[in-house]
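Structural description and commentary
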Amino acid sequence: MTTILTVEQIVAAQKANIETLLGLTAKAFEGVEKIVELNMSASKAALADTGDNAKALLSVKDAQELLALQSSIFQPLAEKTAAYSRHLYEIASGTTSEFTKTLEGQAAQVQQQFTGMLDTAVKSAPAGSEAAVAVLKSAVAAANNALESVQKAVKQATDVAEANFNAVTSTAANAAKPAAKKR
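Calculation criteria
- Residues numbered from 1 in each chain as written.
- Predicted model: local features only at pLDDT ≥ 70, side-chain atom pairs only at ≥ 80, totals over all residues.
- Heavy atoms only, no water.
- Helix = DSSP H or I, 4+ residues; strand = E, 2+ residues; numbered from the N terminus.
- Rg over C-alpha atoms; globule rule 2.2 N^0.38 Å.
- Buried < 20%, exposed > 50% of the residue type's maximum accessible area, 1.4 Å probe, protein only.
- Contact = heavy atoms within 4.5 Å.
- Areas by Shrake-Rupley, 256 points an atom, 1.4 Å probe, with all protein chains shown as cover.
- Lys, Arg positive; Asp, Glu negative; His and termini not counted.
- Charge placed at Lys NZ, Arg CZ, Asp CG, Glu CD.
- Salt bridge = Lys/Arg side-chain N within 4 Å of Asp/Glu carboxyl O.
- pLDDT = per-residue confidence, 0-100.
- Expected span 1.5 Å × (residues − 1).
- Patch = residues over 30% accessible without salt bridge, like charges linked within 9 Å, V, L, I, M, F, W, Y side chains within 5 Å.
- Polar contact = N/O pair within 3.5 Å; in protein donor to acceptor, adjacent residues only side chain to side chain.

1. Notes on the overall build of the protein chain
Of regular secondary structure, the protein chain possesses three helices and zero strands. Taken from the N to the C terminus, the helices and strands of the protein chain come in the order α-α-α. Compactness check: the protein chain gives a C-alpha radius of gyration of 28 Å against a globular reference of 16 Å for 183 residues, more than 25% above the reference. In terms of overall dimensions, the protein chain has a C-alpha envelope of 100 × 30 × 10 Å along the principal axes. Taking all 183 residues of the protein chain together, 11% fall into the buried category. A separation of at least 24 residues holds for 80% of the contacts in the protein chain among residues at least 6 apart in sequence. Carbon together with sulfur atoms contributes 64% to the accessible area of the protein chain, which is approximately 13,200 Å² in total. Each charge sign in the protein chain was given a centre, from 17 positive and 18 negative side chains, and these centres are 7 Å apart.

2. With respect to the environment of Glu98
Turning to its location among the elements, Glu98 is positioned in helix 2 (residues 63–123). Sequence-wise, Glu98 and Lys123 are 25 residues apart; in three dimensions their C-alpha atoms are separated by 38 Å.

3. Regarding the environment of Val36
Summarising the element assignment, Val36 is placed in helix 1 (residues 7–58). Overall, Val36 belongs to the partly exposed group, its relative accessible area being 45%. Linking Val36 and Ala143, residues 107 residues apart in sequence, is a C-alpha distance of 40 Å.

4. Here we look at the pattern of salt bridges
On inspection of all chains with the given rule, the structure shows three salt bridges. Across the pair Glu98 and Lys27 runs a salt bridge, and its minimum N-O distance is 3.9 Å. Remark: Lys27 occurs in helix 1 and Glu98 occurs in helix 2; sequence separation between them is 71 residues. For Lys27, a relative accessible area of 28% translates into the label partly exposed. Three or more residues are tied together by salt bridges with common partners; here these are Lys27, Glu30 and Glu98.

5. Details of the confidence of the model for the protein chain
With 90% of its residues at a pLDDT of 70 or more, the protein chain shows a mean pLDDT of 80. Within the protein chain, helix 1 carries the highest mean pLDDT (89), whereas helix 3 (residues 130–182) carries the lowest (72).

6. Structural notes on helix 1
The first and last C-alpha atoms of helix 1 sit 76 Å apart over 52 residues, in line with the 76 Å expected at 1.5 Å per residue. Along helix 1, the positions that sit buried rather than exposed are Thr20, Leu24, Gly31 and Leu38.

7. A word on a nonpolar patch on the surface
There is a patch of nonpolar side chains on the surface, built from Val32, Val36 and Met40 and spanning about 270 Å² of accessible area. Among the structural elements, Val32 can be located in helix 1. Assessed through its relative accessible area of 46%, Val32 is described here as partly exposed.

8. Re the side chain of Thr20
Along the chain, Thr20 turns up in helix 1. Reaching out from Thr20, the side chain makes a polar contact with the backbone oxygen of Ala16 at a distance of 2.9 Å. Sequence-distant contacts of Thr20, defined by excluding residues within four places in its chain, comprise Thr102 and Gln106.

9. Regarding the environment of Phe165
Residue placement: Phe165 occurs in helix 3. Separated by 158 residues in sequence, Phe165 and Val7 have C-alpha atoms that sit 49 Å apart. Apart from residues no more than four positions distant in its own chain, Phe165 is found in contact with Ser85, Arg86 and Tyr89.

So, in structure tokens, the structure goes:
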């Protein structure tokens with residue numbers, strides 16, 4: 001029940017693996033570039049805000065003005081922090097999504113190739129080996145079902161994490177508004 005791979009099949013598989021690796025590497029670098037760009041933008045904005053806030057602080061004449069200034073600084077800071085976190089999450093989840101799509105595509109392709117090899121092996125199996133072939137097919141079907149279950153669980157967990165992140169971000173932004181008004 002052995003199937004011999006040809007040199008061409010091995011070379012094609014290696015070529016596909018290298019192309020996949022290069023594609024994933026490019027996606028990873030795109031994600032890093034986006035994060036660096038986001039951090040540079042956030043740093044520039046923070047530096048500008050710090051300068052503006054320092055100037056405003058120097059122009060404060062009494063405690064009442066100081067409290068009003070603190071209040072006016074706190075809410076935009078909370079909103080900017082929430083926006084930064086949301087953007088960072090979008091970059092990370094987008095990059096992860098690209099990796100997942102690629103890996104699922106690869107898994108499907110490997111599964112299809114394996115099934116093809118299995119079918120070829122089954123056709124050339126000696127008479128009387130039907131029980132062993134049935135057990136092998138059953139094991140492959142069980143493995144495929146397990147893989148699908150894991151993929152569904154990962155997707156559900158990702159969806160729950162995203163919903164929780166959005167809820168926390170929204171709660172933080174909403175909490176900043178009353179806190180800024182109280183001051």
